[in-house]
Amino acid sequence: MKAVVCREWSGPEALRIEDVEAPPLSARAVRIRVHAAGVNFADTLMIAGKYQVKPAFPFTPGLEVAGEAVEIGSGVGHLQPGQRVLAFLRSGGGYAEEVVVDADAAVPIPDAMDFVTAAGFPVVYGTSHFALTYRGRLKPGETLLVLGAAGGVGLTAVEIGKQLGARVIAAAGGADKLAVARDRGADEVIDYRRENIRDRVRELTGGLGADVVFDPVGGDAFDQALRAVNWEARMLVIGFASGRIQSVPANLILVKNISVIGVVWGAQAERDPVLISRNLADLLDWWEAGKLRPHIAATFPLAATGAAMQALLSRRHSGKIVVEV
Ligand SMILES: NC(=O)c1ccc[n+]([C@@H]2O[C@H](COP(=O)([O-])OP(=O)(O)OC[C@H]3O[C@@H](n4cnc5c(N)ncnc54)[C@H](OP(=O)(O)O)[C@@H]3O)[C@@H](O)[C@H]2O)c1
């Protein structure tokens, strides 16, 4: 089969498409013919050797796919050949014509959902939902501040925050991105290229600050947001897209009973695939009910996977980029 191969820690430009052996099937697994694979910031970390998971060379990156189940392991009872499914792959492998995944991680896709939309669904909606519910305990009526609010996980946090009944303040860089966040339900917006997050959040909350902060950006954005939170706020540490991992001054979290909470959806999915698949199935129900509107910014062919990752790093796009296989 054809697959994108990474042979050394590198940038997206070094990725090549090659003919490789299709992975073997085990009793508890399913083989998926991949139709589309979602692009994530974490792909760029994985191929650079900066991600939590460091596969042995040569390896194929790609953390999420949608496609057709073509071969089912002998110990699997709940899937049929021909079924349309999506799946998360913690160790990569998605930018390929076929993947083999633990059958518990394969989630059936609604008939009306196309493969491109499905491929861009699990990581961003799964992470945002897990972060805001399981980790952040966001309550109706609370104020949620989302940083990087037009990016992959940021935009889905805006949508899910609204579904959970929060007042959502979306912070991102530039008018186009803020317009996308508004369209997905943001009540207020902050352009952090020209506005100070701390000052604007205080202004928008009558001096109180945000109750929950969803932060995939880190660095300066986190530092400013930490100074604009309410009593008993929860700061959800999602990622460090800015490139700087912030340190947290303990005195600031003490004075208002603030919790700084780590969120790692991928590792949780590996530890508990049944829980994560159930959550994804619920989120697909929300999609069917019209509550979620995934935003696909661009698609690329498999041979241009490196270019797709470069497009993500360019910060020009909102929402998701997807590779079609
Ligand atoms: N903890 C978890 O379980 C989990 C799950 C998924 C993703 N993540 C992490 O969340 C972060 C975002 O992932 P994603 O896939 O949503 O990425 P993405 O679509 O590229 O979004 C990242 C956003 O960060 C902002 N940003 C700020 N500084 C940046 C910089 N120097 N370079 C690139 N973007 C920058 C950009 O928005 P502006 O241009 O508006 O600033 C961009 O929209 C990554 O760190 C990723 O590893 C964590």
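Below or above, wherever it landed, is the structure these notes cover. (Residues numbered from 1 in each chain as written. Predicted model: local features only at pLDDT ≥ 70, side-chain atom pairs only at ≥ 80, totals over all residues. Heavy atoms only, no water.)

1. Description of the packing of helix α3 (residues 122-135) against helix α4 (residues 152-163)
Thought 1: Following both chains from N to C, one finds α3 and α4 inclined at 55°, their axes separated by 8 Å at the closest point. When the axes of α3 and α4 are compared, the pair comes out oblique. Here α3 runs over α4; the crossing is right-handed. For the pair α3 and α4, the contacting residues are Val123, Val124, Tyr125, Thr127, Ser128, His129 and Leu132 in the first and Gly152, Val153, Thr156, Ala157, Glu159, Ile160 and Gly161 in the second. (Axes fitted to C-alpha atoms, helices over the stretch in contact; angles between N-to-C directions. Helix = DSSP H or I, 4+ residues; strand = E, 2+ residues; numbered from the N terminus. Parallel < 35°, antiparallel > 145°, perpendicular 65-115°, else oblique. Left-handed = near helix turned anticlockwise from the far one by under 90°. Contact = heavy atoms within 4.5 Å.)

2. Side note on the sheet that holds strand β13 (residues 259-262)
Thought 1: Pairing within the open sheet is parallel, and its six strands lie in the order β10-β9-β8-β11-β12-β13. Two strands lie at the open edges of the sheet, namely β10 (188-191) and β13, each paired on one side alone. The average angle at which neighbouring strand axes cross in this sheet is 20°, direction not considered.
Thought 2: Sitting on the sheet, α3 is in contact with β8 (143-147), β11 (210-215), β12 (229-237) and β13, with an inclination near 145° to β11. (Pairing = 2+ DSSP bridges.)

3. Structural notes on the packing of aromatic side chains
Thought 1: Inspection of every chain in the model, using the stated rule, returns six aromatic pairs.
Thought 2: Aromatic side chains Phe57 and Phe59 sit 5.9 Å apart centroid to centroid with 25° between the ring planes, which places their arrangement in the stacked category.
Thought 3: Here Phe57 falls in the partly exposed class, since its relative accessible area comes to 37%.
Thought 4: With a relative accessible area of 6%, Phe59 lands in the buried category.
Thought 5: By the ring-pair criterion, three or more aromatic residues cluster together here, those being Trp9, Phe57 and Phe59.
Thought 6: Between the NZ or CZ atom of Arg84 and the centre of the ring of Phe115, over which it lies, the distance is 4.5 Å. (Phe/Tyr/Trp six-rings, centres within 6.5 Å; stacked < 30°, edge-to-face > 60°. Buried < 20%, exposed > 50% of the residue type's maximum accessible area, 1.4 Å probe, protein only. Lys NZ or Arg CZ within 6 Å of the ring centre and 35° of its normal.)

4. Some words on the site of the ligand
Thought 1: Taken together, the neighbourhood of the ligand is formed by 24 residues, with Gly152, Lys177, Tyr192, Val263 and Trp265 sitting nearest.
Thought 2: In the model, a nitrogen atom of the ligand is placed 3.3 Å from a nitrogen or oxygen of the Ala241 main chain.
Thought 3: At 2.9 Å, a side-chain N or O of Arg315 approaches an oxygen atom of the ligand.
Thought 4: Computed on the free molecule, the ligand has an accessible area of 910 Å², of which 89% lies beneath the protein chains in the complex.
Thought 5: Listing elements by their share of the shell around the ligand, those giving two or more residues are α1 (41-47), α3 and α4.
Thought 6: Two domains each donate at least three residues to the shell around the ligand, and these are domain 1 (2-121 + 294-324) and domain 2 (124-265). (Near = heavy atom within 4 Å. Polar contact = N/O pair within 3.5 Å; in protein donor to acceptor, adjacent residues only side chain to side chain. Areas by Shrake-Rupley, 256 points an atom, 1.4 Å probe, with all protein chains shown as cover. Domains from an automatic or database assignment.)

5. Quick look at the packing of α3 against helix α10 (residues 273-288)
Thought 1: It is at 10 Å that the axes of α3 and α10 come closest, and there the two elements cross at 100°. The orientation of α3 with respect to α10, classified from their angle, is roughly perpendicular. Only Asn279, Leu280, Leu283 and Trp286 of α10 make contact with α3, whose side of the interface consists of Pro122, Tyr125, Gly126 and His129.
Thought 2: Of the residues belonging to the contact of α3 with α10, the class tally is five nonpolar, three polar and no charged. (Nonpolar A, V, L, I, M, F, W, Y, C, P; charged D, E, K, R; others polar.)

6. Regarding the pairing of strand β14 (residues 296-301)
Thought 1: Pairing of β14 with strand β15 (residues 320-324) involves five bridges; the strand directions are parallel. Paired with Phe300 across the strands is Val323, a residue of β15.

7. Considerations on a negative patch on the surface
Thought 1: The grouping of Asp111, Asp282, Asp285 and Glu288 at the surface amounts to a negative patch.
Thought 2: Asp111 gets classed as exposed once you look at its relative accessible area, which sits at 75%. (Patch = residues over 30% accessible without salt bridge, like charges linked within 9 Å, V, L, I, M, F, W, Y side chains within 5 Å. Salt bridge = Lys/Arg side-chain N within 4 Å of Asp/Glu carboxyl O. Lys, Arg positive; Asp, Glu negative; His and termini not counted. Charge placed at Lys NZ, Arg CZ, Asp CG, Glu CD.)

8. Description of the environment of Pro58
Thought 1: Within the secondary structure layout, Pro58 lies in the loop between α1 and β4 (64-72).
Thought 2: Ignoring any residue separated from it by four or fewer positions in sequence, one finds Pro58 in contact with Val5, Cys6 and Arg7.

9. Some remarks on the side chain of Thr143
Thought 1: Relative to the helices and strands, Thr143 is located in strand β8.
Thought 2: Here Thr143 falls in the buried class, since its relative accessible area comes to 9%.
Thought 3: The residues contacting Thr143, other than those within four sequence positions of it, are Arg167, Ile169, Thr205, Ala210, Asp211 and Val212.

10. Structural notes on unusual backbone geometry
Thought 1: For the bond running from Phe57 to Pro58, omega is -15°, close enough to zero to count as cis.
Thought 2: Even without being a glycine, Asn257 presents a positive backbone phi close to 50°.
Thought 3: Along the chain, Asn257 turns up in the loop between α8 (250-254) and β13.
Thought 4: Of note, Arg315 is a non-glycine position whose phi angle comes to about 65°, a positive value.
Thought 5: Examined against the element boundaries, Arg315 turns out to sit in the loop between α11 (305-313) and β15.

That's the geometry; what it means functionally is another story.
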